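Residue-level listing of the chains:
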Amino acid sequence: MTKLLFITMLYLSTGQNLAQKIPQNGIYQTATDFLTRKLTNGFFSSKINKLNDNNKSIRIEREDKRTVYESSEIWGFRKNGKDYRVFEKEFYKIDEVGPVVIYTIQDYLSAEQPIMFYYRFFSKDLNAPIVALTRRKLKRHFANDSAVINKINSFPKNRSLSTWSSACRCFPIIKSLQ
């Protein structure tokens, strides 16, 4: 656990630099691979190389070779420079890594109303189950940590946990838990 925390802190401090040097597409076999930016079958975008995803698998097409990864066999993937975690056959975009990890799934409100809606989720760490981001669920997952519970209780009730702040370029709930 200490090693994973150290790697997380390393990622947070150097994430911007690393993000510019790693391929835009590829597979993360483990959470540690994500933190260290070790991609399996990684590549930069081009017309020839493609990464296609559906809820069952990730397919990488590189020149004349195609590799299929079942969603149950990998931790996550990187597509067009954005990172995703695979959990129970869903693909969650990783928004922020901190005291909790914040994820998003984008979907349309309905077929009749093509309005994009963002569903926010969290996990206690990079390998913990992903659950909906609500105060009640945050408190449940941190029930044994009174300091975190106090921080959640002190977070303004009229402020959404799932709102991104362009001022701090973060989710304020993450900043308040640090």
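Our structure's up above, just so we're on the same page.
Here's a quick rundown of the structure. (Residues numbered from 1 in each chain as written. Predicted model: local features only at pLDDT ≥ 70, side-chain atom pairs only at ≥ 80, totals over all residues. Heavy atoms only, no water.)

1. A short note on the packing of aromatic side chains
Inference 1: Scanning all chains against the criterion turns up eight aromatic pairs.
Inference 2: Ring geometry for Phe 77 against Tyr 84: centres 5.0 Å apart, planes inclined by 10°, an arrangement best described as stacked. With respect to class, Phe 77 is no different from Tyr 84; both count as buried.
Inference 3: Arranged with centres 5.0 Å apart and planes meeting at 80°, the rings of Phe 77 and Phe 91 form a pair that is edge-to-face. Of this pair, Phe 77 sits in strand β6 (residues 76-79) while Phe 91 sits in strand β8 (residues 90-97), and the two are 14 residues apart along the sequence. (Phe/Tyr/Trp six-rings, centres within 6.5 Å; stacked < 30°, edge-to-face > 60°. Buried < 20%, exposed > 50% of the residue type's maximum accessible area, 1.4 Å probe, protein only. Helix = DSSP H or I, 4+ residues; strand = E, 2+ residues; numbered from the N terminus.)

2. A look at unusual backbone geometry
Inference 1: Unusually for a residue other than glycine, Arg 37 sits at a positive phi of about 60°.
Inference 2: Within the chain, Glu 88 stands out as a residue other than glycine whose phi angle is a positive 50°.
Inference 3: Tracing the chain through its elements places Glu 88 in the loop between β7 (82-87) and β8.
Inference 4: Of the residues examined, Glu 88 reaches a relative accessible area of 65% and is grouped as exposed.

3. Observations regarding the pattern of salt bridges
Inference 1: Using the criterion set out here, one finds six salt bridges in the structure.
Inference 2: Residue Arg 59 is joined to Glu 61 by a salt bridge in which the shortest nitrogen-to-oxygen separation is 2.7 Å.
Inference 3: Take Glu 61: its relative accessible area is 22%, and that puts it in the partly exposed class.
Inference 4: In this structure, Lys 93 engages Asp 95 in a salt bridge whose closest nitrogen and oxygen atoms are separated by 2.4 Å. (Salt bridge = Lys/Arg side-chain N within 4 Å of Asp/Glu carboxyl O.)

4. A word on the pairing of β6
Inference 1: Note that strand β1 (residues 25-28) and β6 share three bridges and pair antiparallel. In the strand pairing of β6, Tyr 28 is matched with Gly 76.
Inference 2: Relative to β7, β6 is paired through four bridges, and the arrangement is antiparallel. Bridging from a neighbouring strand, Phe 77 pairs with Tyr 84 of β7.
Inference 3: With antiparallel pairing between neighbouring strands as the criterion, β6 and β7 make up a hairpin whose turn holds two residues, including Asn 80 at a positive phi of roughly 50°. (Pairing = 2+ DSSP bridges.)

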